[in-house]
Amino acid sequence: MSDDYRAGPDHSGPAFFADPVVRAEQVRKTFDGHEVLRGISLSVTRGELVSIIGPSGCGKSTFLRCLNFLEIPDGGAVAIADVAITRAGGRWTRADEDAAHRLRAHVGMVFQSFNLFPHRTVLDNVMLAPMRVKRLPAETARAEALALLDKVGLSAIAARYPDTLSGGQQQRAAIARALAMRPDVMLYDEPTSALDPELAEEVLSVMRALDEDGMTQIVVTHDMRFARAASDRVVFMEGGEIVEIDDPDILYVSPQDVRTRRFLRSVL
Ligand SMILES: Nc1ncnc2c1ncn2[C@@H]1O[C@H](COP(=O)(O)OP(=O)(O)OP(=O)(O)O)[C@@H](O)[C@H]1O
Ligand SMILES: [Mg+2]
């Protein structure tokens, strides 16, 4: 954890060290002279499910990718679990990449496209990383993978290949694969938007079950119903900024900002 991040005036005191699993401070990102993230700050507590909503192009995916350094922020700081990385615009060094590597070990990421290894069975997809990266013995990895596949409702099809699965099944396998690395937080970028409603529901109910187990989850979604019903807090972004963060029942019923009101009117 970098010292200047600890020393910042807003981060002092026990609150910073206690519960937040994810902490972003003033994250900035510019693409081709266009400032896509204009200083995003967000703290997520262990066990929370936080949804991020907002119009297309407002920077939701970029922010999510900055949280695990799939995109390198130009400025700001991100801390996940016990790893913090501060960016002050300078060069991305080897030491930074090492820190990002350590940070990513705490993060499971699930994308809209399921990204399973096509030439591996579902079971192998879930077992491989724990064996290769964490050096788990095959039998341990297999037992854990089967337990996870059971949790996401796929134990009966563990031996099948991804292209024989429905989209909903593939996405649940992708979730099991991410969980196999025992992340502290799961990040989802529109996990259900490639799916028919019925298959989407299978995926959403897995996420609700994980929430009940106490998993910390951040979900970028266009599914306004899910965001309202399942989230502890909803983040509304527009134009590279967080406009408003609130309890979903408050945000949906009486948003404070005119931009939130306008967006919700357009999508609900
Ligand atoms: N690698 C990149 N290079 C250049 N511009 C990018 C890159 N990635 C994203 N952008 C731009 O940054 C802005 C934010 O994109 P982002 O994908 O984060 O939006 P989003 O809120 O996830 O939108 P959507 O809801 O459509 O997925 C867009 O204008 C996009 O074109
Ligand atoms: Mg996106």
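Under an unreviewed UniProt entry, the name given to the protein chain is Amino acid ABC transporter ATP-binding protein, and the source organism is Gluconacetobacter johannae. The UniProt entry for the protein chain carries the following text under Subcellular location (unreviewed entry): "Cell membrane".

With respect to the pairing of strand β5 (residues 83-88)
Taken together, the six bridges between strand β4 (residues 75-80) and β5 define a ladder with antiparallel strand orientation. What sits directly across from G75, in β5, is A88. What sits between β4 and β5 in their antiparallel hairpin is a turn of two residues, with A81 showing a positive phi close to 50°.

Looking at the site of ligand 1
Looking at ligand 1, there are 13 residues lining it, with S56, G57, K60, S61 and T62 nearest. Between ligand 1 and G57, the relevant distance is 2.7 Å, taken from an oxygen atom to a main-chain nitrogen or oxygen of the residue. For ligand 1, an oxygen atom lies 3.0 Å from a polar atom in the backbone of G59. Protein coverage of the free-state accessible area of ligand 1, which is 630 Å², stands at 62%.

Some words on the pattern of salt bridges
Summed over the entire model, instances satisfying the criterion amount to 18 salt bridges. Between R87 and D96 there is a salt bridge, with the nearest N and O atoms lying 3.8 Å from each other. Residues R87 and D96 agree in their burial class; the two are buried. In this structure, R172 engages E202 in a salt bridge whose closest nitrogen and oxygen atoms are separated by 2.8 Å.

The rules we used
Residues numbered from 1 in each chain as written. Chains lettered and ligands numbered in written order. Predicted model: local features only at pLDDT ≥ 70, side-chain atom pairs only at ≥ 80, totals over all residues. Heavy atoms only, no water. UniProt positions renumbered as here; feature names shortened; annotations may be inferred. Pairing = 2+ DSSP bridges. Helix = DSSP H or I, 4+ residues; strand = E, 2+ residues; numbered from the N terminus. Near = heavy atom within 4 Å. Polar contact = N/O pair within 3.5 Å; in protein donor to acceptor, adjacent residues only side chain to side chain. Areas by Shrake-Rupley, 256 points an atom, 1.4 Å probe, with all protein chains shown as cover. Salt bridge = Lys/Arg side-chain N within 4 Å of Asp/Glu carboxyl O. Buried < 20%, exposed > 50% of the residue type's maximum accessible area, 1.4 Å probe, protein only.

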